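Secondary and tertiary structure notes
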Amino acid sequence: MLYCARCGLRYPVNIGVWRCICQGELEYDNPHEIVVPDLNDLIPRPCSIWRYREALPALEDEYIITFNEGYTPIITIKYHDIPIWLKLDFLCPTGSYKDRGTSVMISCLKQTGIKSVVEDSSGNAGASIAAYAGRAGMKCTVFVPSDTSPGKLIQIRAYGATIEMVDGTRQDVAKACQEAAEGNHNGETFYASHNWNPFFLEGIKTLAYEIWEQGVRNSIMPNWVVIPAGYGSCVLGAYRGFSDLVNQGKLHEIPRLIVVQAKNCAPVYEAYLRGGTEVLPIHGQRTIAEGIACSNPVRGSEILHAVRASGGVVMAVAEKEIECAAIELAKDGVFVEPTSAVVVAALKRLIDNEVISGNDIALGILTGTGLKATDYYGSRL
Ligand SMILES: [Zn+2]
């Protein structure tokens, strides 16, 4: 069943709704007990998110759409002789961590008979959904802002998706996409939104399971996890996954989550500074961390709750800090999009301020590949 996070109304999974009639976001109520397998049981499993299958929504084998995403490596770099651990999640098949959520979401939609999906995105989510929908044999249309640079659209088009350009703000693009889904009354076209769909978050939980598995096996279980946030799916998936592990006695406590935004567009940071429990919409400015340029996140209050419950903090980093971190990472051989570099910018500041020391294990999640940001790097090098 699905249920509304705001009013509690329940819906069958196969009814094809993407949000509640009260406009609240839907959550997935798994009818099965969520079980993250023991470390020994995991050894022979496939090296993908599906190694944690008992913790994911129940799916028949024939509906699972996968490119063996996940199981990404962790490396270390040093800053002032203090090690920083980095999870290279941009090595997922389409170049971003979003493949974890997309694999689960598209599989669930396929199982419920959806034949066509629409999505609004100009970047990583659009490419990811185009790839998985293509593999699932679904028709896919991605709505994008009309000022999106042509280079970013190539990957989406190459996977076979149709692109619809929309004039106006990011919100206008989302609205056009939602209207396209709602105007389709045969029930076969679905708004497969990475920001609204609860199955997407179910897949992102595997990030936490992997960090736990790799951390315990290699004695590098982090006490800090640093995550970029726009709409916050990476933070929320990680928080829910770590919560599962604590609930099952596999982890003593959730690592402290540090949520990082770009100072130019930081509604969660502003709410955190106010001590608020709700994120209010803002008018953000352009940022090179375009993947997290979100002025009104769907699950803002849950992001604030996750940070506070873990004993973490929300940070905002300036354009200059992001740029320095991106260029330095690339010089270290780690080529990520500027959106991912916010994590390292934040870690450097935390080490400079002696919040993180050599006694800590701080792990940052690098979410997207630099190959999607060649326009940016081309103008800097
Ligand atoms: Zn509701």
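What you see is a predicted model, and the numbers here were worked out from it, not measured in a lab.

All right, on to empty space enclosed by the protein then. On inspection of all chains with the given rule, the structure shows one cavity of 30 Å³ or more. A volume near 70 Å³ is recorded for the largest cavity. As for the largest cavity, its lining consists of His 194, Asn 195, Leu 201, Tyr 231, Gly 232, Ser 233, Leu 236, Val 298 and Arg 299. Class assignment of the residues belonging to the lining of the largest cavity gives a composition of four nonpolar, four polar and one charged.

With that out of the way, let us pick up the side chain of Arg 100. Its location among the elements puts Arg 100 in helix α2 (residues 98–111). Arg 100 gets classed as buried once you look at its relative accessible area, which sits at 0%. At a separation of 2.6 Å, a polar atom in the side chain of Arg 100 contacts the side chain of Asp 89. Excluding its chain neighbours within four sequence positions, the residues that come into contact with Arg 100 are Ile 49, Glu 69, Gly 70, Tyr 71, Thr 72, Lys 87, Asp 89, Gly 203, Ile 204, Thr 206, Leu 207 and Glu 210.

What follows is about the pattern of salt bridges. Throughout the structure, instances matching the rule amount to 19 salt bridges. Put simply, Lys 250 and Asp 38 hold a salt bridge, and the shortest N to O gap is 3.2 Å. Of this pair, Lys 250 sits in the loop between α8 (233–247) and β11 (256–262) while Asp 38 is found in the loop between β3 (26–28) and α1 (39–42), placing the two residues 212 residues apart along the sequence. Judged by its relative accessible area of 43%, Asp 38 falls in the partly exposed class. Where Arg 45 meets Glu 54, a salt bridge forms, and the shortest distance between an N and an O atom there is 2.9 Å. Each of Glu 27, Arg 240, Arg 299 and Glu 302 takes part in a single network of salt bridges with overlapping partners.

Of all hydrophobic cores here, the largest spans 87 residues; its most connected members are Leu 109, Val 117, Cys 140, Tyr 191, Ile 227, Phe 242 and Ile 365. Built from parts of two domains, this core gets at least three residues from each of domain 1 (74–96 + 200–380) and domain 2 (115–191). With 39 residues, the next largest nonpolar core counts Ile 77, Val 226, Val 336 and Ile 351 among its residues.

With that out of the way, let us pick up the sheet that holds strand β9 (residues 189–191). Reading across from one edge, β8-β7-β6-β9 is the order of the four strands in this open sheet, with parallel pairing throughout. Either end of the sheet is taken by a strand with one partner, and the two such strands are β8 (162–166) and β9. Strand after strand, the sheet turns through a mean of 25 degrees between neighbouring axes, direction not considered. Both strand β6 (residues 116–120) and β9 contribute to a ladder of three bridges, which runs parallel. Across the sheet, Val 117 pairs through a bridge with Phe 190, a residue of β9.

Per the stated rule, a full pass over the model turns up zero disulfides. Cysteine Cys 92 remains unbridged, with the sulfur of Cys 234 as its closest cysteine sulfur at 10 Å. Looking at the unpaired Cys 265, the closest cysteine sulfur is the one in Cys 294, lying at 6.6 Å.

The next point concerns unusual backbone geometry. Positive phi outside glycine occurs at Gln 23, with the angle close to 75 degrees. With respect to the element layout, Gln 23 can be found in the loop between β2 (10–11) and β3. Judged by its relative accessible area of 46%, Gln 23 falls in the partly exposed class. One non-glycine residue, Asn 68, adopts positive backbone phi at about 55 degrees. Tracing the sequence through the fold places Asn 68 in the loop between α1 and β4 (74–79).

Segmenting the protein into domains produces domain 1 (74–96 + 200–380) and domain 2 (115–191). Domain 1 and domain 2 are separated by 26 Å when their C-alpha centres are compared. The partner domain 2 presents 11 residues to the 12 residues of domain 1 that form the contact. Here domain 1 and domain 2 share an interface that buries about 880 Å² over both sides, 34% of which is from carbon and sulfur atoms. By the criterion of area lost to domain 2, the three top residues of domain 1 are Thr 94, Tyr 231 and Lys 372, representing 49% of everything that side buries. Taken together, the connections running from domain 1 to domain 2 amount to zero salt bridges. Connecting domain 1 to domain 2 are four residue pairs in polar contact (both at pLDDT 80 or more). By residue class, the composition of the side of domain 1 that touches domain 2 is two nonpolar, five polar and five charged.

How each quantity is defined
- Residues numbered from 1 in each chain as written.
- Predicted model: local features only at pLDDT ≥ 70, side-chain atom pairs only at ≥ 80, totals over all residues.
- Heavy atoms only, no water.
- 1 Å grid on protein atoms, 1.4 Å probe; cavity = no way out; pocket = protein on both sides within 12 Å on 5 of 7 lines; lining within 4 Å.
- Points joined across faces, edges and corners; volume = space filled by probe spheres on them.
- Nonpolar A, V, L, I, M, F, W, Y, C, P; charged D, E, K, R; others polar.
- Helix = DSSP H or I, 4+ residues; strand = E, 2+ residues; numbered from the N terminus.
- Buried < 20%, exposed > 50% of the residue type's maximum accessible area, 1.4 Å probe, protein only.
- Polar contact = N/O pair within 3.5 Å; in protein donor to acceptor, adjacent residues only side chain to side chain.
- Contact = heavy atoms within 4.5 Å.
- Salt bridge = Lys/Arg side-chain N within 4 Å of Asp/Glu carboxyl O.
- Core = buried A, V, L, I, M, F, W, Y, C linked by side-chain atoms within 4.5 Å.
- Domains from an automatic or database assignment.
- Pairing = 2+ DSSP bridges.
- Axes fitted to C-alpha atoms, helices over the stretch in contact; angles between N-to-C directions.
- Disulfide = S-S within 2.5 Å.
- Buried area = accessible area lost by both parts, 1.4 Å probe.

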